[in-house]
Amino acid sequence: MNIALRKQKILAAVIENYIATGEPIGSKALQNTESLNVSSATIRNELADLTARGFLKQPHTSAGRVPTETGYRYYVDNLMDVQAPQERVRRYIEARITDACDAPEHILRTASDVVSELCSTVALSSTPAGDDTRVYRVRFVQTGRFTSMLVLITSTGMVKSRLFRCDFNITPEMLNVFDRALNEKLAGQPLSSVNQPFAQTFAASFGELGLLMPDMLLAVLDACKEASGTNVYSSGTTKILYQTDQSLSSARSVLELLSDNSKREKLMKTVPDGTNIYIGRENALPELRHSALCATRYLIEGYPAGAIALIGTLRTDYANAVSILEYTAKVVGEQISELISTHR
């Protein structure tokens, strides 16, 4: 739906003022907008037309205007000006995430903390979905005469470890045999294919030596199963309770969603590539029908991986949200990609 340039300027001014103040905007307030060099009467006529066309609404007869979901959508698609974060904000994001670069999970937890802090709302981050994740390699660390630790490294940099115990004395030579055999068979395998039939076939291929492998193979299966799941981290959960333009029932719905791991995982798994904004009823989950969801995917070695998102009210500062999300996702992708390269 196209609208004339003057109406676009007035709509943008109403939305940006409302996002900043939370107060309905009238024609007198808009007269002070530099880009609007028209009379108060003309502004009133344009406001009335924008209201009739569904972009704005009046809370009550004598009040100014506030945006509707249609108005927000038009603004996001056509009028929003997304700027790169200020240098001090970029440095802050980089410093926080770089300090957490010991593991992808730590990086992602920190990313959701940073987004929540900078945007003053609920933020989420997710590990890459296990569907496309493969085994990069496995390693063994001997921890005792009868015990060892298996370390699984995935193609997305996730590291999972499992201790296992054997009924025989474990020697370095035996671990070397396990190491070579497993990496020959596992490297490049999708995590989903490392299952019970795979373990049985693998053990059988070693004849009598396979009788020594059950405990080690169970550790492999457990590590792959954990790595194949999607972990979702949330930050700033209670901030939803302090947003004055969010009703108590809407806040309760968001909190219910955040407390349900399966719904959080579903939400983050279904985020499309790129940056996306869902406003009110555009959200597929009913718990978000009165909220705004902004989400983007980070890239690992150039490929879309997990997601970073925020949940706010309809009065979210969308331009700032996109700016913070995209820059955070960029730094996250770079740090996880660098972490993966250290395992090679």
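So, how was this worked out
- Here, residues in each chain are numbered from 1, in the same order as that chain's written sequence.
- With pLDDT at 70 or above as the cut-off, local features in this predicted model cover only qualifying residues; side-chain atom pairs require 80 or more to be listed or tallied, and sums for whole chains, interfaces and linings still use all residues.
- The basis for every side-chain value is the complete set of heavy atoms in the structure, and neither hydrogens nor water enter the calculation.
- Exposed residues in this analysis have more than 50% of their type's maximum accessible area, buried residues have under 20%, and partly exposed residues fall in between, with area computed by a 1.4 Å probe over protein chains only.
- Put simply, DSSP marks the helices as runs of H or I at least four residues long and the strands as runs of E at least two long, and each gets a number from the N terminus on.
- Strand pairing requires that DSSP identify at least two bridges connecting the strands.
- By definition, a salt bridge exists where a carboxyl oxygen of Asp or Glu is found within 4 Å of a side-chain nitrogen of Lys or Arg.
- Two residues qualify as a contact provided that any one of their heavy atoms is within 4.5 Å of a heavy atom in the partner residue.
- Multiply 1.5 Å by the residue count of a helix minus one, and that product is the helix's expected span.
- Arc definition: directions from the helix axis to the C-beta atoms.
- Only Phe, Tyr and Trp rings are paired, with Trp represented by its six-membered ring, and only when their centres lie within 6.5 Å; those with planes under 30 degrees apart are stacked, over 60 edge-to-face, the remainder tilted.
- Two conditions define a charge located above a ring, namely a distance within 6 Å from the ring centre to NZ of Lys or CZ of Arg, and an angle within 35 degrees of the ring normal.

S.K.: Tell me about the pairing of strand E10 (residues 303-312), residues and numbers included.
M.R.: Burial analysis of E10 places eight of its 10 residues in the buried class, the great majority of the element. Bridging between strand E3 (residues 122-126) and E10 involves four bridges; their strand directions are antiparallel. Paired with alanine 123 across the strands is leucine 310, a residue of E10. Judged from the eight bridges that link them, strand E9 (residues 292-300) and E10 form a sheet pairing that is antiparallel. Within E10, the position partnered with leucine 293 by the bridge is isoleucine 311. Hairpin connection of E9 to E10: two residues between the antiparallel strands, including glutamate 301 at a positive phi of 50°.

S.K.: Quick one: what's the story with the pattern of salt bridges, residue by residue and with numbers?
M.R.: Taken as a whole and judged by the stated rule, the model has 17 salt bridges. With a shortest N-O distance of 3.4 Å, glutamate 265 and lysine 269 are connected by a salt bridge. Of this pair, glutamate 265 and lysine 269 both sit in helix H11 (residues 261-269), four residues apart, roughly one helical turn. Given a relative accessible area of 37%, lysine 269 falls into the partly exposed group. Taken together, the shared-partner salt bridges in this structure form one network comprising Arg6, Lys7, Glu46, Asp49 and Arg53.

S.K.: I'd like to hear about the side chain of threonine 110, residue by residue, with values.
M.R.: With respect to the helices, strands and loops of the structure, threonine 110 is situated in helix H6 (residues 104-119). Exposure remark for threonine 110: the relative accessible area of 7% places this residue in the buried category. Those residues in contact with threonine 110 that sit more than four places away from it in its chain are Arg96, Ile97 and Ala100.

S.K.: If you had to explain helix H5 (residues 87-98) to someone new, which residues and values would you point to?
M.R.: The end-to-end C-alpha distance of H5 is 16 Å, a good match for the 16 Å that 12 residues give at a rise of 1.5 Å each. All buried positions along H5 are accounted for by Val89, Ile93 and Ile97. Looking straight down H5, one finds that the buried residues subtend no more than 55° of arc, so they occupy a single side.

S.K.: An account of the packing of aromatic side chains is requested, with residue identities and associated values reported.
M.R.: All chains considered together, the criterion is met by five aromatic pairs. Their ring planes at 80° and their centres at 5.5 Å tell us that phenylalanine 55 and tyrosine 74 sit as a pair that is edge-to-face. In this pair, phenylalanine 55 sits in the loop between helix H3 (40-52) and strand E1 (56-57) while tyrosine 74 sits in helix H4 (residues 69-79), placing the two residues 19 residues apart along the sequence. The interplanar angle of 85° and the centroid separation of 6.1 Å between the aromatic rings of phenylalanine 140 and phenylalanine 164 together place this pair among those described as edge-to-face. Highlighted residues: phenylalanine 140 in strand E4 (residues 135-142) and phenylalanine 164 in strand E6 (residues 159-165), separated in sequence by 24 residues. Look at phenylalanine 140 and you get buried, because its relative accessible area is 14%. Through successive ring pairs, a cluster of aromatic residues spans Phe140, Phe164 and Phe178. A cation over a ring is seen here: arginine 315 above tyrosine 18, with NZ or CZ 5.8 Å from the ring centre.

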